Amino acid sequence: MTKVKTAAEAVSHIRDDAVVAVNSSSGLCCPDAVLKAMGERFDAYGSPKNLTMIHPIAAGDMFGTKGIDHIAKPGMLSKVLGGSYPSGPSSAEAPLVWGLISANEIAAYNVPSGIIFDMLREAASKRPGVLTKVGMDTFADPALDGCAMNDAARQQAIVKHIDFEGEDWLFFPTVVPDVAIIRGSTADERGNLTFENEGAYLGAMEMALAAHNNGGLVIAQAKRIAQSGSLKPHDVRVPGILVDFVVEEPEQLQTTATVYDPAISGELFRPLDSFRTTGFDVGKVIARRVAQELKKGWAVNIGFGISANVPRIFIEEGCHGDVTWVIEQGAVGGVPLLDFKFGCSANAEAFVASPHQFSYFQAGGFDASLLSFLQIDRNGSVNVSKLSVCPHVTAGSGGFVDITTRAKRIVFSGYFSAGAKFELLDGKLKIIKQGKVAKLVDEVEQVSFSGKRAVAQGQQVRYVTERCVMDLTKDGLLVSEIAPGLDLQRDILDQADIDLKVADDLKVMDGALFQPDLIGLEL
């Protein structure tokens with residue numbers, strides 16, 4: 001008997017008050033047609049209503065895949081536990097879900113992505129919850145925000161401290177999904193699901209297990225339907241025994257604003273010279289300096305922002321392959337893509353499920369992480385997850401907290417201040433206009449990374465900006481390098497809202513970084 005249904009038929013089985021898990025990363029693997037049908041059913045019948053949504057990474061984007069915005073309607077949505085949320089430029093209209101969050105019409109939580117995947121795995125095994133050190137001393141800690149994004153969420157705690165064998169842990173009770181909505185490339189009539197055109201698996205299997213094992217419903221969206229028994233068993237990532245309904249959607253995008261790129265799914269390997277390299281500007285100077293921090297043979301995680309350009313530096317310097325890039329969506333190796341295709345890699349060596357990737361990250365199994373910052377405070381703590389003046393500019397923390405919890409080495413990169421104007425001339429940096437907004441502040445708006453905890457754990461933390469390089473010490477931030485052409489007092493110390501210490505052997509950053517020619521990168 002076929003499991004193939006229309007989207008409308010499939011979502012008619014979703015009950016009011018259901019807990020619904022969605023497997024997505026912005027546009028990547030987003031089951032958008034099913035979410036759209038849910039919103040249309042609510043408009044027509046007022047049901048399903050009062051839903052709790054769980055999405056470990058953002059469900060949808062601001063560039064053609066509405067995702068959670070299909071169901072971001074008063075009365076339909078009551079609670080969201082998200083690792084991240086749809087985000088985009090401040091000049092664009094905010095996603096509808098942000099309006100509900102700001103108006104306290106839903107209880108919204110920003111939970112580290114890896115923790116949500118862990119919660120789903122615990123639900124699948126019918127265990128009580130997640131006991132973890134991930135998130136301690138950050139916004140996920142109930143001593144700070146407890147993951148709450150608004151007042152409505154603060155009334156319903158989802159995490160607490162617990163003593164276990166004499167140690168302090170965070171405990172996240174399991175949230176059991178009644179419905180799992182996943183997506184792949186091909187489904188057969190029995191519900192077996194393959195991912196040959198996808199750029200990741202994310203947590204499709206774990207999500208399906210969590211719903212199925214607890215008597216719930218699993219809906220799988222796919223681009224095409226195959227005859228029963230025609231799929232190769234090694235290709236099937238979610239078996240049909242876990243899937244209740246299959247929805248065909250031939251027009252589904254591969255990822256954000258991308259119909260299909262075979263290099264994203266590993267079906268074609270692009271020549272290295274086909275990848276766009278960054279033009280010579282101050283952002284490239286920062287990315288070059290970050291590249292100098294790495295060693296041959298390392299496995300290196302990268303995040304969104306300036307650090308995402310480091311793989312392109314490696315390509316143009318002839319060093320591609322000297323390190324292996326690993327990203328939270330599950331790609332290992334290859335070339336991580338830029339802008340809002342971030343989360344995908346072309347020419348990847350392997351795809352692993354995101355829950356496994358996060359186990360690798362949470363235990364510090366990799367060599368270094370390259371991440372961005374919005375703010376840095378006097379203790380070296382970093383905010384990447386909250387910007388109250390324009391909330392939808394940041395997606396939340398995503399996997400940032402999982403990644404930084406036990407990372408051996410972290411290199412944060414970004415501009416020293418916001419709004420400054422520069423000129424690069426003769427291997428020197430000239431500041432035409434100082435920034436209006438300081439990024440080095442007495443206290444960050446939200447603690448996404450705890451500097452104090454990093455010092456206590458012996459993590460190596462460095463901050464690279466266009467003006468200087470700083471290191472985290474037990475006494476705070478230490479300026480260890482300065483850009484050529486700058487005045488230490490005027491251009492660095494006076495532009496921070498905190499006191500910075502200066503190394504006795506203060507060095508000048510490599511002048512080659514500030515020239516358009518290759519820097520001769522050697523690892």
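A brief look at the structure comes next. Since the model is a prediction, treat every value here as computed from it, not as a measurement. (Residues numbered from 1 in each chain as written. Predicted model: local features only at pLDDT ≥ 70, side-chain atom pairs only at ≥ 80, totals over all residues. Heavy atoms only, no water.)

## Things to note about the sheet that holds strand E22 (residues 382-383)
Logical step 1: Spatial ordering of the open sheet is given by E22-E21-E28, a layout of 3 strands whose pairing is mixed. Strands at the two margins of the open sheet, each flanked by one partner only, are E22 and strand E28 (440-441).
Logical step 2: Relative to E22, strand E21 (residues 375-377) runs antiparallel, the two sharing 2 bridges. Within E22, the residue paired with Gln 375 across the bridge is Asn 383. (Pairing = 2+ DSSP bridges. Helix = DSSP H or I, 4+ residues; strand = E, 2+ residues; numbered from the N terminus.)

## Details of the packing of aromatic side chains
Logical step 1: Counted under the stated rule, the structure contains 14 aromatic pairs.
Logical step 2: Between Tyr 85 and Trp 98, the ring centres sit 5.7 Å apart and the planes meet at 55°, which makes this aromatic pair tilted. With Tyr 85 in the loop between strand E4 (77-82) and helix H3 (96-102) and Trp 98 in helix H3, the pair connects residues that are 13 residues apart, well separated along the chain. Of the two residues, Tyr 85 and Trp 98, both sit in the buried class.
Logical step 3: By way of ring pairs, the aromatic residues Phe 117, Phe 358, Tyr 360, Phe 361 and Phe 366 are connected into one cluster. (Phe/Tyr/Trp six-rings, centres within 6.5 Å; stacked < 30°, edge-to-face > 60°. Buried < 20%, exposed > 50% of the residue type's maximum accessible area, 1.4 Å probe, protein only.)

## Regarding the pattern of salt bridges
Logical step 1: Throughout the structure, instances matching the rule amount to 21 salt bridges.
Logical step 2: Notably, a salt bridge pairs Arg 462 with Asp 471, separated by 2.6 Å at the nearest N-O pair. The same class applies to Arg 462 and to Asp 471, which are both buried.
Logical step 3: One salt bridge connects Asp 505 with Lys 507, and the closest N-O pair in it is separated by 3.2 Å.
Logical step 4: Note on Lys 507: relative accessible area 45%, which makes it partly exposed.
Logical step 5: A network of salt bridges, in which partner residues are shared, links Arg 289, Glu 293, Arg 462, Asp 471 and Glu 481. (Salt bridge = Lys/Arg side-chain N within 4 Å of Asp/Glu carboxyl O.)

## A short note on the sheet that holds strand E7 (residues 160-164)
Logical step 1: Spatially, 3 strands are ordered E6-E8-E7 in an open sheet, and the strand pairing comes out antiparallel. The sheet terminates laterally at strand E6 (129-132) and E7, the two strands that pair on one side only. With direction set aside, neighbouring strand axes in the sheet form an average angle of 40°.
Logical step 2: Pairing analysis gives 4 bridges linking E6 to strand E8 (residues 167-173), with the strands arranged antiparallel. Residue pairing in the sheet places Thr 132 in a bridge with Leu 170 of E8.
Logical step 3: Most of the contacts of helix H4 (residues 113-124) go to E6, to which it runs at about 135°, and overall it touches E6 and E8. (Axes fitted to C-alpha atoms, helices over the stretch in contact; angles between N-to-C directions. Contact = heavy atoms within 4.5 Å.)

## A closer look at unusual backbone geometry
Logical step 1: Following Ser 47, the chain continues to Pro 48 via a peptide bond in cis, the omega torsion being 5°.
Logical step 2: Within the secondary structure, Pro 48 sits in the loop between helix H2 (32-45) and strand E3 (51-55).
Logical step 3: Positive phi, close to 55°, is recorded for Leu 202, a residue that is not glycine.
Logical step 4: Classification of Leu 202 as buried rests on a relative accessible area of 1%.
Logical step 5: Phi at Ala 257 takes a positive value of approximately 55°, unusual for a residue other than glycine.
Logical step 6: Relative to the helices and strands, Ala 257 is located in the loop between strand E13 (245-248) and helix H7 (282-291).
Logical step 7: Classification of Ala 257 by relative accessible area gives exposed; the value is 56%.

## Digging into the side chain of Thr 404
Logical step 1: Checked against the element boundaries, Thr 404 lands in helix H10 (residues 400-404).
Logical step 2: Accessibility expressed as a relative area gives 4% for Thr 404, which makes it buried.
Logical step 3: Within the local environment of Thr 404, its side chain forms a polar contact with the backbone oxygen of Phe 400, the two atoms lying 2.9 Å apart. (Polar contact = N/O pair within 3.5 Å; in protein donor to acceptor, adjacent residues only side chain to side chain.)

## Points about the packing of H4 against helix H9 (residues 354-362)
Logical step 1: Running from N to C, H4 and H9 point in directions that differ by 120°, and their axes come no closer than 9 Å. With respect to each other, H4 and H9 are oriented oblique. Where H4 crosses over H9, the handedness of that crossing is left-handed. Packed against H4, whose contacting residues are Ser 113, Gly 114, Ile 115, Phe 117, Asp 118 and Arg 121, the element H9 presents Ser 354, Pro 355, His 356, Phe 358, Ser 359 and Gln 362 at the interface.
Logical step 2: Of the residues belonging to the contact of H4 with H9, the class tally is 4 nonpolar, 6 polar and 2 charged. (Parallel < 35°, antiparallel > 145°, perpendicular 65-115°, else oblique. Left-handed = near helix turned anticlockwise from the far one by under 90°. Nonpolar A, V, L, I, M, F, W, Y, C, P; charged D, E, K, R; others polar.)

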